[in-house]
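# Examination of the molecular architecture
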Amino acid sequence: MVGDDVILPCHLEPAEDAVSMTVEWARLDLNPRFVHVRHDSAEFLTDQNPSYTGRTSMSITKLKHGDVSLKLSNVRLSDEGIYKCYIPRQKKKVAVKLAVGVASAPGISLAGIHEVSSGVMLDCRSKGWYPEPELFWLDGEGNLLSAGPTETVRGPDDLYTVSRRLTVRKSDSFTCRVQQKNINQTRETHFYVPGDETHMKEREIPITSSKDIELQCLNEGRGDRQVMGRQGGEEDLTSEPSTEFLNEEIHKLYEELKKNKDDYEDVKKTLDVLTKYKKNLVDYSEELKLLSSWIDKQIINNKLKLDASWRQWYIDKYEAIVRDLKQRKEVNETLLQKTKEVVQRTEDQISQTTEKKRELEEQIKCLEEIKERPL
């Protein structure tokens, strides 16, 4: 992995003292091609490729026992390739292939509500991989899930960013797993979606306007009109046609009351889900803030180590660590900002849903009062 130290193996068989032998380590695709050379019992680095300066070494103790392996420190992405270990005196040559990798933890963000299925859309993104990795979505039991296509972007630094979107229509714990088999690296992140996601989409619930509610509440009831009819000489509302009309009105009133109660229950359920949804988002935001704080501390610690370093390979190592930490913080800050945006949208939805709930409560109350009045 980038930043690690690695031993490129090469041994004499049968083993013999190689301290005084000429040993060449080279990459034929480079110019100059030499990575590390020993000659006349000493390091001979005049023609060493500058990209390896201060990062290669061989152990004298191991050389005495025929171990001419090369230690390469603070591995870089550009170090990937085929290395040749050559001992002229014995005319022996060995090839070692070095595969270099970079891996980073994925992050999950909320991408909104699917317009057709009303499911919650989760977006998993992982930045800074090499070679190109695979991305999978799994459910709480570890089963692979069908998701959208994986989107891959290769940056100017040759690192890959992969992302894939999943539409969720049930309550469960979901896992985004990113893996690269060639370098045997796997990273994953978990995300819990609460129940009743299908109610998270903003509902177009038919609600009688406040003016209609006011008119209904001002209506003193059919009983008052019945008395007025008798006193004012109007048609007797107890006649057969009028009775039929009243029965129809009563039936409509009951139907409207039932419909509004059903809508009210839907709105209540939506409000409950949105409230839980917001809590999870807020908790997730706090975790991201803590992670940013931890990364800041690590950056400071490694900068102190960098300032105190005097050997080049230490400097390269800590510079790489600081760069990686800054990249992680950038990804983390992006996730935090997206989460805050979703929290705000959720709060707006909660506000709208709360207002709908209040209007429905007023309407139901008026309808209940009208229903209870004697005709």
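The sections below set out a description of the structure shown in this document. (Residues numbered from 1 in each chain as written. Predicted model: local features only at pLDDT ≥ 70, side-chain atom pairs only at ≥ 80, totals over all residues. Heavy atoms only, no water.)

### Observations concerning the overall build of the protein chain
Across its full length, the protein chain carries five helices and 15 strands. For the protein chain, the residues scored as buried account for 39% of the 375 residues in total. Of the roughly 21,600 Å² that the protein chain leaves accessible, carbon and sulfur atoms contribute 50%. (Helix = DSSP H or I, 4+ residues; strand = E, 2+ residues; numbered from the N terminus. Buried < 20%, exposed > 50% of the residue type's maximum accessible area, 1.4 Å probe, protein only. Areas by Shrake-Rupley, 256 points an atom, 1.4 Å probe, with all protein chains shown as cover.)

### A few points about the layout of surface pockets
Of the volumes computed, that of the largest pocket is approximately 620 Å³. Forming the walls of the largest pocket are 23 residues, and the residues nearest its centre are Val-2, Gly-3, Val-102, Ala-320 and Asp-324. The biggest single contributor to the lining of the largest pocket is helix 5 (residues 312-372), with nine residues. Looking at the second largest pocket, its volume works out to about 470 Å³. Around the second largest pocket, the lining is made up of 22 residues, and of these Ala-105, Pro-106, Leu-291, Val-331 and Asn-332 lie nearest the centre. Looking at the lining of the second largest pocket, the elements that each hand over two or more residues are strand 10 (120-129), strand 15 (185-193), helix 4 (240-308) and helix 5. Within the lining of the second largest pocket, the residues separate by chemical class into 11 nonpolar, seven polar and four charged. (1 Å grid on protein atoms, 1.4 Å probe; cavity = no way out; pocket = protein on both sides within 12 Å on 5 of 7 lines; lining within 4 Å. Points joined across faces, edges and corners; volume = space filled by probe spheres on them. Nonpolar A, V, L, I, M, F, W, Y, C, P; charged D, E, K, R; others polar.)

### A closer look at the pairing of strand 10
For strand 10, the buried fraction is high: eight of the 10 residues fall into the buried class. In this structure, strand 9 (residues 107-113) lies alongside strand 10, joined through six bridges in antiparallel fashion. In the strand pairing of strand 10, Gly-107 is matched with Arg-125. Sheet topology places strand 10 next to strand 13 (residues 160-168); nine bridges connect them, and they run antiparallel. Across the sheet, residue Lys-127 finds its bridge partner in strand 13, namely Thr-161. (Pairing = 2+ DSSP bridges.)

### Observations regarding the packing of aromatic side chains
On inspection of all chains with the given rule, the structure shows two aromatic pairs. For the ring pair Tyr-52 and Tyr-83, a centre distance of 6.3 Å and an interplane angle of 85° mean the geometry is edge-to-face. Of this pair, Tyr-52 sits in the loop between strand 4 (42-43) and strand 5 (56-57) while Tyr-83 sits in strand 7 (residues 81-87), and the two are 31 residues apart along the sequence. Here Tyr-52 matches Tyr-83 in class, with each residue buried. For the ring pair Tyr-130 and Tyr-160, a centre distance of 6.3 Å and an interplane angle of 25° mean the geometry is stacked. (Phe/Tyr/Trp six-rings, centres within 6.5 Å; stacked < 30°, edge-to-face > 60°.)

### Examining the environment of Val-37
Examined against the element boundaries, Val-37 turns out to sit in strand 3 (residues 34-39). For Val-37 and Thr-22, which are 15 residues apart along the polypeptide, the C-alpha to C-alpha distance reads 7.3 Å. Leave out the neighbours within four places in its chain, and Val-37 touches Val-23, Glu-24, Ala-42, Glu-43, Phe-44 and Leu-45. (Contact = heavy atoms within 4.5 Å.)

### With respect to the side chain of Thr-175
When you line up the elements, Thr-175 lands in strand 14 (residues 172-180). Residue classification places Thr-175 among the buried residues on the basis of a relative accessible area of 9%. At 2.7 Å, the side chain of Thr-175 and the side chain of His-190 are in polar contact. Leaving out residues up to four positions away in the same chain, Thr-175 has contacts with Phe-136, Trp-137, Leu-138, Glu-188, Thr-189 and His-190. (Polar contact = N/O pair within 3.5 Å; in protein donor to acceptor, adjacent residues only side chain to side chain.)

### A closer look at the sheet that holds strand 2 (residues 23-26)
Within the open sheet, the five strands sit side by side as 4-3-2-7-8. Their pairing is antiparallel. Each edge of the sheet is formed by a strand with only one pairing partner; in this case those strands are strand 4 and strand 8 (92-98). By the bridge criterion, four bridges tie strand 2 to strand 3 in an arrangement that is antiparallel. Among the inter-strand pairings, Val-23 is bridged to a residue of strand 3, identified as Arg-38.

### Focus: empty space enclosed by the protein
Tallied over the full model, the rule gives two cavities of 30 Å³ or more. Estimates place the volume of the second largest cavity at around 30 Å³. Along the walls of the second largest cavity sit Ser-109, Leu-110, Leu-281, Tyr-284, Lys-338, Thr-339 and Val-342, which together make up its complete lining. Of all elements in the fold, only strand 9, helix 4 and helix 5 reach the threshold of two or more residues within the lining of the second largest cavity. In terms of residue count, the dominant contributor to the lining of the second largest cavity is helix 5 (three residues).

### Brief notes about the environment of Val-35
Within the element layout of this structure, Val-35 appears in strand 3. Spatially, the C-alpha atom of Val-35 lies 5.5 Å from that of Gln-48, the residues being 13 residues apart in sequence. Leave out the neighbours within four places in its chain, and Val-35 touches Trp-25, Ala-26, Arg-27, Gln-48, Tyr-52, Thr-56, Leu-70 and Tyr-83.

### Here's the deal with the nonpolar core
One finds Ile-108, Leu-110, Leu-122, Leu-135, Trp-137, Phe-174 and Cys-176 to be the most contacted residues of the largest nonpolar core, which totals 25 residues. Elements supplying a minimum of two residues to this core: strand 9, strand 10, strand 11 (134-138), strand 13, strand 14, strand 15, helix 4 and helix 5. Among residues more than four places away in sequence, those in contact with Leu-135 are Cys-124, Thr-150, Val-162, Ser-163, Arg-164, Cys-176, Arg-177 and Val-178. (Core = buried A, V, L, I, M, F, W, Y, C linked by side-chain atoms within 4.5 Å.)

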